[in-house]
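Fold and geometry: a report
Residues per chain are reported as follows:
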Amino acid sequence: MKISAIKLALLNVEMHHAIKTPIGVIAAARNVVVKIETDSGLYGWGETSPMSAITSDTQESSYALGQDLGRLLVGKDPLGIEDNLAVLRRYSGRASSMICAFDMAMYDLAAKQAGMPLYQFLGGQRRPLETDHTIGHQDSVQETVAMAKQLVGEGFSTIKLKTGRADLIDVEHVAAVREAVGETIKLRIDCNQGWDYPMTMANLHHLEKLDIEYLEQPLPAWDVDGFAQLRANTRMPICADESVFSHIDALRLIKADAVDFLNIKLVKSGGVNTALKINSIAEAAGVRCMIGCFGESRLGLSAAAHVACARPNIQFIDLDSALHFCADPVKGGLEYVPNEGGKIILPDGVGHGAEFIESELDRAITIN
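Residues numbered from 1 in each chain as written. Predicted model: local features only at pLDDT ≥ 70, side-chain atom pairs only at ≥ 80, totals over all residues. Heavy atoms only, no water.

Quick notes on the overall build of the chain
Where we set the bar: The helix and strand labels rest on DSSP assignments: H or I over at least four residues marks a helix, E over at least two residues marks a strand, and numbering proceeds from the N terminus. For the radius of gyration, the atoms used are the C-alpha atoms, and the globule rule reads 2.2 Å times the number of residues raised to 0.38. A 1.4 Å probe rolled over the protein chains alone gives each residue an accessible area, and that area as a share of the maximum for its type sets the label: buried under 20%, exposed over 50%, partly exposed in between. Two residues qualify as a contact provided that any one of their heavy atoms is within 4.5 Å of a heavy atom in the partner residue. Each accessible area value is a Shrake-Rupley result obtained with a 1.4 Å probe; residue values ignore everything except the protein chains displayed when judging cover. Charged-residue counts in this description rest on Lys and Arg as positive and Asp and Glu as negative, His and the chain ends being excluded. Charge placement uses NZ in Lys and CZ in Arg. For Asp and Glu, CG and CD serve respectively.
Scanning the chain for helices and strands turns up 13 helices and 17 strands. Its C-alpha atoms give the chain a radius of gyration of 20 Å, within 12% of the compact-globule value 21 Å for 368 residues. Overall size of the chain, expressed as C-alpha extent along the three principal axes, is 60 × 40 × 35 Å. Looking at the chain as a whole, 59% of its 368 residues are labelled buried. A separation of at least 24 residues holds for 74% of the contacts in the chain among residues at least 6 apart in sequence. Total accessible area on the chain is roughly 14,200 Å²; 50% of this is exposed by carbon and sulfur atoms. For the chain, the distance from the average position of its 34 positive side-chain charges to the average position of its 47 negative side-chain charges is 4 Å.

So this is what it looks like as structure tokens:
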């Protein structure tokens, strides 16, 4: 079996509400889609959702790079995933987000060839998954509380609050949400590198009293020593996100005793292949993982959910981006259970089970 053609396209979907964070505002999905076709008739779908403040690329730069990467793969065996990824990495260095789309498509195709769902192809089995739901920065405490109450009314049992604002602004928002939703709802906070060490400690003095499940990425991505110092001086578990792109980053953080948890994102790691390596490093060290997202559709989230099912060490699920979409360009794939918050159901079919409605895509091109 050989790769006969690769199709690339853009996916543009507006979101119901802009998500404000310390590193930017996400108002729409601006993604790149890959479809790998073979001479046997099998095909695989992949997606990336670049976020320039983190991945250092954009939809346009990823689309351009994807055309070069596609030319490198035409004619190759799609089942030779390790060799194919090595070719892509040699060409593009740490351009993880575009590699993710090709990686995802190859794993989808390989699982289809094996006649298995992706989680089974990876050695796992279906298990219950339940995502949190993210609330971005709101202009007032009242708005933050109103959104939190709405999510609880929809059945969500875990809420992630974007923090990382100056001084102690976030403390008032988080405290008000905790009072409004009660003690049974889990709260997570994500700073997206918004604080330095003194600001983090000042906020933790108050936040430690609010039963927060963990604090995610409070410090700049490079500050491994700061993470280690922070972890030694707080009772609250510390999770790294932007600090961990690869298994090498994971090893560095764990050796420094800098983290309690790691957030794996397929776009950030370059896809399934490196995500599995990150989890293996973490699992060996007794560090649990989360699987997260940027602005992926249900297709990219489906692949991530399969990875979570394949690796029980991935215990925290943050796959809510498609819940923010104004339109759904995907058929098949994971489903969110209506009125039951973030409960996720994976399909019974082979591969990751999702496909794009091609009429919903823009600027499609074929490389052969």
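Re the packing of helix 6 (residues 141–153) against helix 7 (residues 169–181)
The criterion, for reference: Axes here refer to lines fitted to C-alpha atoms; in helices the fit is confined to the stretch in contact. Angles between the N-to-C directions go from 0 to 180 degrees. Two helices cross in a left-handed way if the nearer one is turned anticlockwise from the farther one by less than a right angle. They cross in a right-handed way if the turn is clockwise. Throughout, the ten residues Ala, Val, Leu, Ile, Met, Phe, Trp, Tyr, Cys and Pro are labelled nonpolar, Asp, Glu, Lys and Arg are labelled charged, and all others, Gly among them, are labelled polar.
Two numbers describe how helix 6 lies on helix 7: the axes approach to 9 Å, and their chain directions differ by 35 degrees. Relative to helix 7, the crossing made by helix 6 is right-handed. Taking contact as the criterion, the partners of Val141, Thr144, Val145, Ala148, Lys149 and Val152 in helix 6 are, on helix 7, Glu172, His173, Ala176, Val177, Ala180 and Val181. Its residues assigned to classes, the contact of helix 6 with helix 7 shows eight nonpolar, two polar and two charged.

Topic: the sheet that holds strand 3 (residues 43–48)
Where we set the bar: For two strands to pair, DSSP has to find at least two bridges joining them.
One open sheet holds the four strands; their spatial order is 3-2-1-17, and the pairing between them is antiparallel. Taken across any chain shown, the strands that pair with only one partner, and hence form the sheet edges, are strand 3 and strand 17 (362–367). When the angles between neighbouring strand axes are averaged without regard to direction, this sheet yields 20 degrees.

Quick notes on the state of the cysteines
Put simply, the rule is: Two cysteine sulfurs form what is called a disulfide whenever their separation falls within 2.5 Å.
One pass over the full model with this rule turns up zero disulfides. Here Cys309 stays free of any disulfide, with the sulfur of Cys289 as its closest cysteine sulfur at 15 Å. Just so you know, Cys326 is unpaired, no disulfide at all, and the nearest cysteine sulfur is the one on Cys293, 16 Å from it.

What to know about the sheet that holds strand 14 (residues 335–336)
Sheet architecture is open: three strands sit in the order 4-15-14, paired in antiparallel fashion. Edge strands, defined here as strands with exactly one partner in the open sheet, are strand 4 (129–130) and strand 14. Strand direction decides the pairing type here: strand 14 and strand 15 (residues 343–345), joined by two bridges, are antiparallel. Opposite Glu335, over in strand 15, you have Ile345 as the bridge partner.

Observations regarding unusual backbone geometry
The backbone of Gln217 sits at a positive phi, close to 40 degrees, despite the residue not being glycine. Along the chain, Gln217 falls in the loop between strand 8 (212–216) and helix 9 (224–232). Non-glycine residue Asp257 carries a positive phi angle of around 55 degrees. With respect to the secondary-structure elements, Asp257 resides in the loop between helix 10 (247–255) and strand 10 (261–265).

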